[in-house]
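# A structural walkthrough
Letter by letter, the chains look like this.
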Amino acid sequence: MANERVATVGAVDVSAVAELVPKKEYFNNWRFYLYCILISLSYGACMLYQRAFAISKGIDYTSQDFQTYWMTLFWGITIMNVIIWGLTWGWIWFVYRDRHLEQLSPGEELKRWYSNWLLTLGVYAWCLVWAVFFVEQDGVWHSSMIRDTEFTPSHIFNFYLSWPIFINFGVAGLMLTRTRLPVMGKKWLLPLVMEVAWPIMFIPLIGENEWGHSAWILEEWFAAPLHWTFVPFAWAAVWFLGNGFDMFPRIAAVLKATYFGEKCMSAAEAMENPEEATNPVHTLPGM
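Predicted model, so just to flag it, every value in this text is computed and none were measured. (Residues numbered from 1 in each chain as written. Predicted model: local features only at pLDDT ≥ 70, side-chain atom pairs only at ≥ 80, totals over all residues. Heavy atoms only, no water.)

### A few points about the packing of helix α2 (residues 64-96) against helix α4 (residues 153-180)
Heads up, the condition is: Only the contacting stretch of a helix is used when fitting its axis, a line to C-alpha atoms as for every element, and angles between N-to-C directions run 0 to 180 degrees. Secondary structure elements follow DSSP: runs of H or I of four or more residues count as helices, runs of E of two or more count as strands, with numbering from the N terminus. These descriptions rest on fixed angle ranges, namely under 35 degrees for roughly parallel, over 145 for roughly antiparallel, 65 to 115 for roughly perpendicular, and the rest for oblique. Under the convention adopted here, Pro, Cys and the residues Ala, Val, Leu, Ile, Met, Phe, Trp and Tyr are nonpolar, Asp, Glu, Lys and Arg are charged, and Gly plus all remaining residues are polar.
Packing of α2 against α4 brings their axes to within 10 Å, and their N-to-C directions diverge by 0°. The angle between the axes of α2 and α4 places the two elements in the roughly parallel class. Considering only residue class, the contact of α2 with α4 consists of 23 nonpolar, four polar and two charged.

### A word on helix α3 (residues 106-144)
Three or four residues apart is the spacing at which side chains of an α-helix point the same way, because the helix has 3.6 residues per turn. Counted only if it meets this: Take the number of residues in a helix, subtract one, and multiply by 1.5 Å to get its expected span. Here the bend at a residue is taken as the angle between two axes, fitted respectively to the seven residues that end there and the seven that start there.
Taking 1.5 Å as the rise per residue, α3 with 39 residues should run 57 Å; its terminal C-alpha atoms sit 56 Å apart, in good agreement. Along its length, α3 shows its largest kink, about 30°, at W113.

### Concerning the pattern of salt bridges
Any two side chains of opposite charge can pair, on the condition that their charged atoms come close. The condition that has to hold: What counts as a salt bridge is simple: a side-chain nitrogen of Lys or Arg found within 4 Å of a carboxyl oxygen of Asp or Glu.
Under the defined criterion, the tally for this structure stands at seven salt bridges. E109 is paired through a salt bridge with R250; the nearest N and O atoms lie 2.8 Å apart. Residue E109 is found in helix α3, and its partner R250 is found in helix α7 (residues 239-260); the two are separated by 141 residues along the sequence. Connected via shared salt-bridge partners are D98, E108, K111 and R112.

### Some details on the environment of K263
Checked against the element boundaries, K263 lands in the loop between α7 and α8 (267-272). For the pair K263 and P106, spaced 157 residues apart in sequence, the C-alpha separation works out to 9.7 Å.

### Things to note about α4
Quick note on the threshold: Think of it in three bands: with a 1.4 Å probe and only protein chains considered, a residue is buried below 20% of the maximum accessible area for its type, exposed above 50%, and partly exposed in between.
With 28 residues, α4 extends 39 Å between its outermost C-alpha atoms, agreeing within 8% with the 40 Å of an ideal straight helix rising 1.5 Å per residue. Across the 28 residues of α4, 25 count as buried, placing the element largely inside the fold.

### What about the nonpolar core?
Soluble, globular proteins show a tendency: their nonpolar side chains are buried together. So the rule is basically this: Only buried Ala, Val, Leu, Ile, Met, Phe, Trp, Tyr and Cys residues count toward a nonpolar core, and they belong to the same one when joined by side-chain atoms within 4.5 Å. Note on definitions: a residue-residue contact is assigned when non-hydrogen atoms from the two residues lie within 4.5 Å.
Counting 53 residues, the largest nonpolar core has W113, W117, F166, W198 and M247 as its most contacted members. Elements with a minimum of two residues in this core: α1 (30-57), α2, α3, α4, α5 (190-215) and α7. Residues in contact with W198, not counting those within four places in the same chain, are Y124, L128, W163, F166, F233, A236 and A237.

### Points about the packing of aromatic side chains
Stated precisely, the cut-off is as follows: Only the six-membered ring of Trp is used, alongside the rings of Phe and Tyr, when aromatic pairs are assigned; centres must lie within 6.5 Å, and planes under 30 degrees apart are stacked while those over 60 apart are edge-to-face, with the rest tilted.
Counted by the stated rule, this structure contains 25 aromatic pairs. Between W70 and F157 the ring centres are 5.9 Å apart and the planes differ by 75°, which places this aromatic pair in the edge-to-face class. Highlighted residues: W70 in helix α2 and F157 in helix α4, separated in sequence by 87 residues. Taking the relative accessible area as the measure of exposure, W70 reaches 0% and is therefore buried. You can call F157 buried: its relative accessible area is 3%.

Right, dumping it as structure tokens:
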């Protein structure tokens, strides 16, 4: 079967092991589309809520309406984030992890590259699109409304919902690669770690930015000094490219092994020497 494991020593020759080829349905995109649709519908509901109550109930933090319509929502979102983070990361690390990565066949590894890495990376990128949308929305809000607190109708969906969800998928993807793919089984690949770390590092910068806007520069100028610190971390999104350069050579190797019978480094070897397993030289024609 496609998910059958075989002991591997040295290079793996799969030319005579047809049952290790993953089935076509393993590479269906329906889960990616489902996650993106659910995320978009959730954020769409948030936008409708903002349109209904941001102006009428969300201008004065000291009012009872604000406490009822917005702070209750804030605490609900915060509790939800903690629960989702705990369940997601705990399940991946303690339950879903594969403790015998060194025994993976190339076909099973190929399936995991698609279902665990590429799918999660795609959803992570979609969450980034929405996080940036709410950031830009926040700038518009504070260019129009008085900034009286860190808890505003814009902040609650921006800082306390869209970015935590973005971070959740990033950490989940990092943990999936560590627990389900041999090249990350024993070592961390720097591009993937940095790709997940940069949105987390945005959190203290956001706090500094809000303090500065409350006590120093009230306007939301795009080029205000308060925003300069965001630039290097925004550049960190380029780690997406480095991540691909690191990972795609290994994907190409197991793909060739699975469908064309070529030899590739075994899962056990990839765990011990991930730098060599992700070296593009080994996947170039004639090499």
